[in-house]
Amino acid sequence: MHGGCHEVRTTTVAVFGAGVTGMTIADEERRTHPRGVDTPGCSHSEQDASAPYTGEAMHELSVALALVELASEEARRLGDVQISAVHVRIGQLAAIVPDALRFSFDLAAEGTALTGARLEIEPVPTSVACQACGTHVLDAFQPICCPRCGGPADLRSGRELELRALEVIDHDGPDC
Amino acid sequence: MTARIVEVRQDILKKNDLLARALRSRFEEAGVFVVSLVSSPGAGKTTLLQRTLAALRSSLRVAAVVGDLQTDNDARRLAEAGVPIRQITTGTVCHLDANMLEQALEDWDLRALDVLFVENVGNLVCPASYDLGEALRVVLLSVTEGEDKPLKYPTIFGSADSAVLTKIDLADVVDFDRDAARQAIEAVRPGMDVLEVSSRSGVGLEAWINYLQAMRTHAFAVGTH
Ligand SMILES: [Zn+2]
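Being a predicted model, the structure only gives us computed values, none of them experimental.

Quick look at the overall build of chain B now. Helix and strand content of chain B: 8 helices and 8 strands. Relative to the compact-globule value of 17 Å for 225 residues, chain B shows a C-alpha radius of gyration of 18 Å, a close match. Seen through its C-alpha atoms, chain B measures out along the principal axes to roughly 70 × 40 × 40 Å. A burial count over chain B gives 54% of its 225 residues as buried. Counted over contacts in chain B with a minimum sequence separation of 6, partners at least 24 positions apart contribute 73%. Accessible area for chain B stands at about 9,400 Å²; split by element, carbon and sulfur atoms hold 48% of it. For chain B, the separation between the mean place of its 24 positive charges and that of its 31 negative charges on side chains is 4 Å.

Moving on, we get to the pairing of strand β5 (residues 115-119) of chain B. All names here are of chain B. Burial within β5 is extensive, with 5 of its 5 residues counted as buried. With burial as the criterion, each face of β5 is covered, one bearing Val-115, Phe-117 and Glu-119 and the other bearing Leu-116 and Val-118. Taken together, the 5 bridges between strand β2 (residues 33-38) and β5 define a ladder with parallel strand orientation. Bridged to Val-35 within β5 is Phe-117. Note that strand β3 (residues 62-68) and β5 share 5 bridges and pair parallel. Directly across from Val-66, in β5, lies its bridge partner Glu-119.

Residue and element names in this part refer to chain B. Applying the stated criterion to the full structure yields 24 salt bridges over all chains. Between Asp-131 and Arg-24 there is a salt bridge, with the nearest N and O atoms lying 2.8 Å from each other. Separated by 107 residues along the polypeptide, Asp-131 in the loop between β5 and β6 (136-142) and Arg-24 in helix α1 (residues 14-30) bring together distant segments of the chain. The partly exposed category is assigned to Arg-24, whose relative accessible area is 27%. A salt bridge links Lys-152 to Asp-148; the nearest nitrogen and oxygen atoms lie 3.4 Å apart. Judged by relative accessible area, which is 35%, Asp-148 ranks as partly exposed.

A separate point is the sheet that holds strand β1 (residues 2-11) of chain B. Hydrogen bonding along the main chain pairs the strands of a sheet, whether they run parallel or antiparallel. Within the open sheet, the 4 strands sit side by side as β2(A)-β1(A)-β6(A)-β1(B). Their pairing is mixed. Strands with a single pairing partner mark the edges of an open sheet, and in this sheet they are β2 (118-124) of chain A together with β1 of chain B. Averaged over all pairs of adjacent strands, the angle between strand axes in this sheet comes to 20°, irrespective of strand direction. Judged from the 7 bridges that link them, strand β1 (residues 81-91) of chain A and β2 of chain A form a sheet pairing that is parallel. In the strand pairing of β2 of chain A, Val-88 of chain A is matched with Ile-121 of chain A. Across the face of the sheet, helix α6 (residues 98-109) of chain A comes into contact with β1 and β2 of chain A while running at roughly 150° to β2 of chain A.

Our focus in this paragraph is a negative patch on the surface. On the surface, a cluster of negative charge is made up of Asp-172, Asp-175, Asp-177 and Asp-179 of chain B. Mapped onto the elements of the fold, Asp-175 of chain B is located in the loop between β7 (162-166) and α7 (178-188).

A word on the interface of chain B and chain A. Contacts between the two partners involve 44 residues from chain B and, on the opposite side, 49 residues from chain A. Interface area, chain B with chain A, both sides summed: about 4,000 Å², of which 57% is carbon and sulfur. The largest per-residue losses of area from chain B upon contact with chain A belong to Arg-4, Arg-9 and Ile-12 of chain B, which jointly make up 17% of the total buried on that side. For the pair chain B and chain A, the number of links is 5 salt bridges. Among the ionic pairs, Glu-69 of chain A bridges to Lys-15 of chain B, the shortest N-O distance being 2.7 Å.

This part covers the packing of helix α5 (residues 58-77) of chain A against α6 of chain A. Residue and element names in this part refer to chain A. Remark: α5 packs on α6, axes separated minimally by 8 Å, with the N-to-C direction vectors making an angle of 50°. Considering their axes alone, α5 and α6 lie oblique with respect to each other. α5 and α6 meet at a crossing whose hand is right-handed. For the pair α5 and α6, the contacting residues are Glu-60, Leu-61, Val-63, Ala-64, Leu-65, Leu-67 and Val-68 in the first and Ala-100, Leu-101, Ser-104, Phe-105, Ala-108 and Ala-109 in the second. Along the lines of polarity and charge, the residues of the contact of α5 with α6 split into 11 nonpolar, 1 polar and 1 charged.

Bringing the nonpolar core into the picture now. Formed by 34 residues in total, the largest nonpolar core has its most connected members in Val-139, Ile-156, Phe-157, Ala-163, Leu-165, Ile-185 and Met-192 of chain B. Those elements that place two or more of their residues in this core are β3 (127-130) of chain A together with β6, α6 (154-159), β7 and α7 of chain B. The element best represented in this core is α7 of chain B, accounting for 5 residues. Counting 32 residues, the second-largest nonpolar core is a separate cluster that includes Leu-67, Ala-75 and Leu-101 of chain A together with Ile-12 of chain B.

This part takes up the side chain of Ser-199 of chain B. Among the structural elements, Ser-199 of chain B can be located in the loop between β8 (193-196) and α8 (205-223). Excluding anything up to four places from it in sequence, Ser-199 of chain B contacts Thr-47, Leu-48 and Arg-51 of chain B.

Rules behind the numbers
Residues numbered from 1 in each chain as written. Chains lettered and ligands numbered in written order. Predicted model: local features only at pLDDT ≥ 70, side-chain atom pairs only at ≥ 80, totals over all residues. Heavy atoms only, no water. Helix = DSSP H or I, 4+ residues; strand = E, 2+ residues; numbered from the N terminus. Rg over C-alpha atoms; globule rule 2.2 N^0.38 Å. Buried < 20%, exposed > 50% of the residue type's maximum accessible area, 1.4 Å probe, protein only. Contact = heavy atoms within 4.5 Å. Areas by Shrake-Rupley, 256 points an atom, 1.4 Å probe, with all protein chains shown as cover. Lys, Arg positive; Asp, Glu negative; His and termini not counted. Charge placed at Lys NZ, Arg CZ, Asp CG, Glu CD. Pairing = 2+ DSSP bridges. Salt bridge = Lys/Arg side-chain N within 4 Å of Asp/Glu carboxyl O. Axes fitted to C-alpha atoms, helices over the stretch in contact; angles between N-to-C directions. Patch = residues over 30% accessible without salt bridge, like charges linked within 9 Å, V, L, I, M, F, W, Y side chains within 5 Å. Buried area = accessible area lost by both parts, 1.4 Å probe. Parallel < 35°, antiparallel > 145°, perpendicular 65-115°, else oblique. Left-handed = near helix turned anticlockwise from the far one by under 90°. Nonpolar A, V, L, I, M, F, W, Y, C, P; charged D, E, K, R; others polar. Core = buried A, V, L, I, M, F, W, Y, C linked by side-chain atoms within 4.5 Å.

Here it is, written out as structure tokens:
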């Protein structure tokens, strides 16, 4: 059998699946990125946990720049529209701090067709599929194996960095 | 004025993925085996790479691209091995991406190489999201970092093909539990190959070199069918 799964499992299954829609981004962030511990944010912090904040949002900025580029391309294809919101799905394992992404998005969007657009972030929980007993949602930092029987399981979600949709306001014909 | 939702459903890093795919086929066509190394800062990537280049250069044409936030210290240390070294200075960006690698490879004749190493910026988070087109991604974990690190950074271990426990000569000194580390790796990446190496004492280096050669042979055996 695949060793490790039973022995190193330390946390229990979260009720994430049921509660995900009611969970605020801030809750989500506290759950997945407990700052001050061994934080999986962008890890300049990892070098020295006591060091001052040194542009830790750079990872989010890289992602935000790619997002703005992709969303702008999509917006262009829609013609003469205004983008009021950008919807993204971000996996729990993608190491993104939502507030840092929002901050970076606003910076990256400035001067583009996305200026002023809202960023709507849908967190995607980590889930695995176990051959023996189905699909389960995992808690943060939980080993990638079946939380019920401890057997091996395939990662089903959690690494998403997806541009889900654009919220568009059409400029209706001549209304003047 | 009407608001509507337009579905897009595309990976935000799609551009990088496409570029990495193009690089991967370029590497395959050129017959160069590309190995990337990822780890925390200070886990011993550069030292292991130095030893690896020295061990391989008599039998294979090797080279390395090294990513660094600012200094060129790593590149200078590596250049002592007497093989081609190129540096990518990322500034404030905490990872290499396919575009940076492609630019670093510009005007480099890949056909003149057998193995190309890519040393990523020291970071266990961001590199996980960026495919570089490598054939083999190796994550390094030094014994001084603790056995449970794979559980804290499952994504980078999930994105890698093999793991190397470095500074293994210090295992007893720092009370490092190898079995616990192997179990943690197995938990986040079932079936992953795990090697143990000390660049200082040389323990495990031969096995690591043999492993690289076997993976290279395997990659080309698969590639030609
Ligand atoms: Zn199960």
